Amino acid sequence: MDLDKHGDGILVQAPTLGLGSLYFSGESVKVEIESWMRGKMCGMCGKADGEKKTEFRMPSWNTAMNPSSFVHSWILQGEVCSDVCKLQHQTVKLEKHVSLMGRESNCYTVEPVLRCRPGCSASDTVHISVRFHCVPLDHNLSQTEIVTKSEQMEGMTEAHIACICSGTECSEA
């Protein structure tokens, strides 16, 4: 593996690991893989197989509805409160009740959304388009059960992109 300063940025090359080059300019990243890695990739670079239909594949193997949801799905969450990233992936309940087949229902995101860890508050947010699964008000589902359900509707929800935490308030839950 080679790591060099190149112009105003940094260039990493690791051909034996499948990385032709990775150039970081300080503002953007350009990645080129070795030809033998085509079709064997996943993540932000897609499968690198030239197929455009699967380019927004999320870690769950579902296809994201838009670029924003795709990028959010690949952000790694912090494991503990002292991590730089105070975000975690969480199922989110739609803030309003929905009438579905004549029954008042709660709706939950099928894919987890970025939210601040307990004890932290959002300092910056964005609205993203997500899919929801709805259940009658008298039914309860765990987060594990929700992400295995099919979508029933699409809507918008708020995703956190930056958090403020005080060391004593942040919870490891």
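Residues numbered from 1 in each chain as written. Predicted model: local features only at pLDDT ≥ 70, side-chain atom pairs only at ≥ 80, totals over all residues. Heavy atoms only, no water.

S.K.: I'd like a rundown of the sheet that holds strand E10 (residues 153–165), residues and numbers included.
M.R.: Taking strand neighbours across the sheet as the criterion, the 4 strands line up as E6-E7-E9-E10 in an open arrangement whose pairing is antiparallel. Each of the sheet's edge strands pairs with one partner strand only, and the pair in question is strand E6 (98–100) and E10. Each strand axis lies, on average, 50 degrees off the axis of its neighbour in the sheet, ignoring direction. In this structure, E6 lies alongside strand E7 (residues 103–109), joined through 3 bridges in antiparallel fashion. Pairing of Leu-100 across the sheet is with Arg-103, part of E7. Of the strands in this sheet, strand E9 (120–136) and E10 touch helix H1 (residues 67–74), which is tilted by about 105 degrees from E9. (Pairing = 2+ DSSP bridges. Helix = DSSP H or I, 4+ residues; strand = E, 2+ residues; numbered from the N terminus. Axes fitted to C-alpha atoms, helices over the stretch in contact; angles between N-to-C directions. Contact = heavy atoms within 4.5 Å.)

S.K.: Give me the environment of Glu-32: which residues, what numbers.
M.R.: Its location among the elements puts Glu-32 in strand E4 (residues 29–33). Classification of Glu-32 by relative accessible area gives partly exposed; the value is 40%. Sequence separation between Glu-32 and Ser-21 is 11 residues, and the spatial gap between their C-alpha atoms is 5.2 Å. Once residues lying within four places of it in the same chain are set aside, the contact partners of Glu-32 are Leu-19, Gly-20 and Ser-21. (Buried < 20%, exposed > 50% of the residue type's maximum accessible area, 1.4 Å probe, protein only.)

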